[in-house]
Amino acid sequence: MNWDDTSGETPVDAPERLVGASADGEDQAVEAALRPKSLDEFVGQERVREQLDLVLKAALARGATADHVLLSGAPGLGKTTLSMIIAAEMNAPIRITSGPAIQHAGDLAAILSSLQEGEVLFLDEIHRMSRPAEEMLYMAMEDFRVDVIVGKGPGATAIPLELPPFTLVGATTRAGLLPPPLRDRFGFTGHMEFYESAELERVIHRSAQLLDLEIDTEGAAEIAGRSRGTPRIANRLLRRVRDYAQVKADGHINREVAAVALAVYEVDARGLDRLDRAVLQALLKLFGGGPVGLSTLAVAVGEERETVEEVAEPFLVREGLLARTPRGRVATPAAWAHLGLVPPAQAPGAVGQQGLFGT
């Protein structure tokens, strides 16, 4: 499978949420066993994979270290996996750290000074690194050199420290927060897209084989359709369906078993869970489809404002079930249809998309 760790960051999307993209200890342990070891085994991300393959093969042909690589995209799409594959393809060791763990320039200097020639340094959530460390990283990436400050005040001295050539792989879920000088120093930038259902089916079949599970094509398709385009979620749902199948269905997973199992875990046919449906139901039943303010909507579902905005809304907007407008949150016709409700005549979107934004 293709997933990435969440080193150093505690996202709002809590691990106990079955369709959350963050990874807890159990997820990380399973992912370590299921991760592909080469680009040929990696499923999905065809464009990034093809481009990265050229970058790595060209570097090997020149006998040089690969260019620095920046990978951006939502959690769970494969950034950590690709970093490990880069190291494997270059026959180089890898060192893993994260932006939040580097709060001082000295922290970064200690890591950089201990790198071996050709080593891959994976820096997760690179946008959360401190500014002094970030400025030190500029010189390290470009000139393979850092200036270590010894002493304080007028007597402070900068001692230049030469570094062996290395490859930095930076991963970020928020590429827009990276300053331009840092982005410009990466020789290759790849953006990870959400997966299509057919790709997730391949991911699920591969996981099932490694986990020694029996699953048919329709069963894999059922799980893939509820996985929000994210391999990590597909893997987690597969494990929960496995539990149900082992207790209730002799271990074999087909479409019916997968559908019933995921209904038990409150994940519906479009991948919405209890929180997602609670937001939609409040928006439709209490506020007639909106518009309604975010704070009011959060109170209605008994959640914090940040939880609704950062956990539930992104997927609902991506699925076309909810729209953010200047007047507030508005349900789309697809939201009414998904919950099996008939919109009132005055509901936003009841007479066409123009109604979403008022007339």
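Residues numbered from 1 in each chain as written. Predicted model: local features only at pLDDT ≥ 70, side-chain atom pairs only at ≥ 80, totals over all residues. Heavy atoms only, no water.

**Let's talk about the sheet that holds strand 6 (residues 167–172)**
Alright, step 1. Reading across the sheet, the 5 strands line up as 2-3-6-1-7 and stay open at both edges, with parallel pairing between neighbours. Of all strands in the sheet, those bounded by a partner on one side alone are strand 2 (94–98) and strand 7 (188–191). Between one strand axis and the next, the sheet turns by 15° as a mean value, whatever way the strands run.
Alright, step 2. With 5 bridges joining them, strand 2 and strand 3 (residues 120–124) adopt parallel strand pairing. Note that in strand 3 the partner of S98 across the bridge is D124.
Alright, step 3. Contacts from helix 2 (residues 46–62) reach strand 1 (69–72) and strand 7, with the element oriented near 160° to strand 7. (Pairing = 2+ DSSP bridges. Helix = DSSP H or I, 4+ residues; strand = E, 2+ residues; numbered from the N terminus. Axes fitted to C-alpha atoms, helices over the stretch in contact; angles between N-to-C directions. Contact = heavy atoms within 4.5 Å.)

**Observations concerning the pairing of strand 10 (residues 322–325)**
Alright, step 1. The sheet contact formed by strand 10 and strand 11 (residues 328–331) spans 4 bridges and is antiparallel. When the bridges of strand 11 are listed, T325 appears paired with G328.

**What about unusual backbone geometry?**
Alright, step 1. Here the phi dihedral of E125 falls at roughly 45°; this positive angle occurs in a residue that is not glycine.
Alright, step 2. Residue classification places E125 among the buried positions, given a relative accessible area of 5%.
Alright, step 3. Although it is not a glycine, R228 sits at a positive phi angle of roughly 60°.
Alright, step 4. By the element assignment, R228 lies in the loop between helix 8 (217–224) and helix 9 (231–248). (Buried < 20%, exposed > 50% of the residue type's maximum accessible area, 1.4 Å probe, protein only.)

**Regarding helix 2**
Alright, step 1. A rise of 1.5 Å per residue sets the reference length of helix 2, with its 17 residues, at 24 Å; its end C-alpha atoms lie 24 Å apart and thus fit the reference within 8%.
Alright, step 2. Every buried residue belonging to helix 2 is among V48, R49, L52, V55, L56 and A59, and all of these are buried. Each buried residue of helix 2 sits inside an arc of 130° when the element is viewed along its axis, so together they form one side. Those residues of helix 2 that are exposed and angled more than 90 degrees off the buried face are R47, E50, L54, K57, A61 and R62.
Alright, step 3. Structurally, helix 2 contributes buried residues whose contacts are with strand 1, helix 3 (79–89) and strand 7.
Alright, step 4. Two residues or fewer past helix 2, G63 is found with a positive phi of approximately 70°. (Expected span 1.5 Å × (residues − 1). Arc of directions from axis to C-beta.)

**Quick notes on the confidence of the model for the chain**
Alright, step 1. Per-residue pLDDT for the chain averages 83, and the proportion of residues at 70 or more is 85%.
Alright, step 2. A low-confidence stretch, residues 1–15 (pLDDT under 50), is modelled with 71 contacts involving residues beyond four sequence positions or located in other chains.
Alright, step 3. Low pLDDT, under 50, characterises residues 351–359; the predicted model gives this stretch 12 contacts beyond four residues in sequence or across chains. (pLDDT = per-residue confidence, 0-100.)

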